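Chain and residue survey
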Amino acid sequence: MSAIKINRYTLLEMLAVIVLAGVLMNAALLFYYKSQNINRKYTEKAVQIKSVSAVSKYLRSFIHDNGETFMVKPDKVVFKNGSVITMDGNRLVFIAGSSTRSFALPKGFSTTFALEQSPEEPPRIVTNIVVLDSKDQLQLNKFTRITACVKGGAK
Amino acid sequence: MKNEKQVTIRYYLMAEMVFALGLLMVLTACFFATTNTIQRMDKSFTDESCGLMVVDNTLERLEHKKQYKLDDVKRIFLDEYDKSGIKDRTKMLAAFTPSPDGATLAIIKHNSKPLIEVQIKCQQ
């Protein structure tokens, strides 16, 4: 006689296992999704910090080298010698004579320019590297401010 | 011959489930605690970057003045602090301390420790 042992699992046990498997899979997917999000966010953050560092050095030396400004608009700076700093998409473009140099800003970032002047100080160009929201609108409370004084008007 | 039926009743089933769910909850709590810590570190790091930019921008403005006095240093430092936006976004404070031969500019973190301190020599 062959002895076959049958372990009869109850319906309750089966349901419990299904529920538990569902909960575990849900948790695993949630962890995966959140980890991916965090990973992406910090990659962008690293790129942003690198970009700000690189842009601020180049921006300051460019503004110092080109002297007085002719026009400062939120998306463009034109110097009296014809050099230009402008935003083209998400690229910050520096044009001086025939040479053009551009810095790609991280996705979700833009730049605005403004001219500021205080008494007994040379005028300065303020560049704000601003975070864009999901509708590509500027989030004016999230920005990094870079100040560069215009040479030629030192007081 | 009658079929043999062996029915095993396992009393530890509920304990197993409770243990598994407990373990899952601990794992979830650890995961979210880690996420939360990373987010706090990120905010702190972003705030610190902005704090450093305040001092950097102040030095840029001072560098382009032919001469500056204590009042100028204070005005420029506090102006940069106000315009940087960190006043509204963070708990970091700007501290200006005059000294006999100049002044000390500092950005103080929320735990009252200085993030950066710069000593500047200037006329009184």
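One numbering rule holds for all chains: residues counted from 1, following each sequence as written. Going through the entries in the order they are written, you letter the chains from A and number the ligands from 1. The model is predicted, so local features are restricted to residues of pLDDT at least 70 and side-chain atom pairs to those at 80 or more, both for listing and for counting; the totals for chains, interfaces and linings are taken over all residues. Note that the side-chain values use all heavy atoms of the structure and ignore hydrogens as well as water.

Some details on the packing of aromatic side chains
Residue and element names in this part refer to chain A. The condition that has to hold: Note on aromatic contacts: the rings of Phe and Tyr and the six-membered ring of Trp form a pair at centre separations within 6.5 Å, being stacked when their planes are under 30 degrees apart, edge-to-face when over 60 apart, and tilted otherwise. The helix count covers DSSP runs of H or I at least four residues long, the strand count covers runs of E at least two residues long, and both are numbered beginning at the N terminus. Burial here depends on accessible area, computed with a 1.4 Å probe over protein chains only, as a share of the maximum for the residue type. Under 20% is buried, over 50% is exposed, and the range in between is partly exposed.
Per the counting criterion, the structure on display carries eight aromatic pairs over all chains. Here the aromatic rings of Phe 62 and Phe 79 are separated by 5.9 Å at their centres, their planes lie at 70°, and the arrangement is edge-to-face. Separated by 17 residues along the polypeptide, Phe 62 in helix H1 (residues 11-66) and Phe 79 in strand S2 (residues 76-79) bring together distant segments of the chain. Since its relative accessible area comes to 6%, Phe 62 is described here as buried. The structure contains a cluster of three or more aromatic residues connected by ring pairs, namely Tyr 58, Phe 62, Phe 79, Phe 94 and Phe 103.

What to know about the interface of chain A and chain B
The cut-off we apply is this: Contacts are residue-level and defined by heavy atoms, with any inter-residue pair within 4.5 Å sufficient. Take the accessible area each of two parts loses on contact, using a 1.4 Å probe, and add the two losses: that sum is the buried area. Pairing of N or O atoms within 3.5 Å defines a polar contact, subject to two protein rules: one partner must be a possible hydrogen donor and the other a possible acceptor, and residues neighboring in sequence count only if both atoms are side-chain atoms. Basically, the charged four are Asp, Glu, Lys and Arg, the nonpolar ten are Ala, Val, Leu, Ile, Met, Phe, Trp, Tyr, Cys and Pro, and anything else, Gly included, counts as polar.
On the side of chain B, 38 residues touch chain A, which itself brings 42 residues to the contact. With both sides pooled, the region where chain A packs onto chain B buries about 3,400 Å², and carbon together with sulfur makes up 58% of that total. Here chain A and chain B share 14 residue pairs in polar contact (both at pLDDT 80 or more) between them. Those elements that provide at least two residues to the side of chain A that touches chain B are H1 and strand S8 (138-149) of chain A. When residues in the side of chain A that touches chain B are grouped by element, the largest group, 17 residues, is from H1(A). The residue makeup of the side of chain A that touches chain B, split by class, is 20 nonpolar, seven polar and 15 charged.

Some words on the sheet that holds strand S4 (residues 91-96) of chain A
Residue and element names in this part refer to chain A. As a reminder, the rule being used: Following DSSP output, two strands are said to pair if at least two bridges run between them. Axis lines are fitted to C-alpha atoms, over the contacting stretch for helices. Their N-to-C directions set the angle, which ranges from 0 to 180 degrees.
Strand order in the open sheet formed by five strands is S1-S2-S3-S4-S5, with antiparallel pairing between adjacent strands. Strand pairing shows two members of the sheet lacking a second neighbour, strand S1 (69-73) and strand S5 (99-104), which therefore form its edges. Neighbour to neighbour, the strand axes of the sheet diverge by 15° on average, direction disregarded. Taken together, the five bridges between strand S3 (residues 84-88) and S4 define a ladder with antiparallel strand orientation. Bridging from a neighbouring strand, Val 84 pairs with Ile 95 of S4. In the packing of H1 onto the sheet, the strands contacted are S2, S3, S4 and S5, and the crossing angle to S4 comes to about 25°.

Some points on the environment of Met71(A)
Residue and element names in this part refer to chain A. By the element assignment, Met 71 lies in strand S1. A relative accessible area of 26% means that Met 71 is categorised as partly exposed. The spatial distance from the C-alpha of Met 71 to the C-alpha of Val 84 is 9.6 Å, given a sequence separation of 13 residues. Those residues in contact with Met 71 that sit more than four places away from it in its chain are Lys 76, Val 77 and Val 78.

Observations regarding the confidence of the model for chain B
Applied cut-off: pLDDT is a per-residue confidence score from the predictor, ranging from 0 to 100.
Summary statistics for chain B give a mean pLDDT of 83 and a share of 90% for residues scoring 70 or more. The complex model carries a pTM of 0.74, and its ipTM stands at 0.71.

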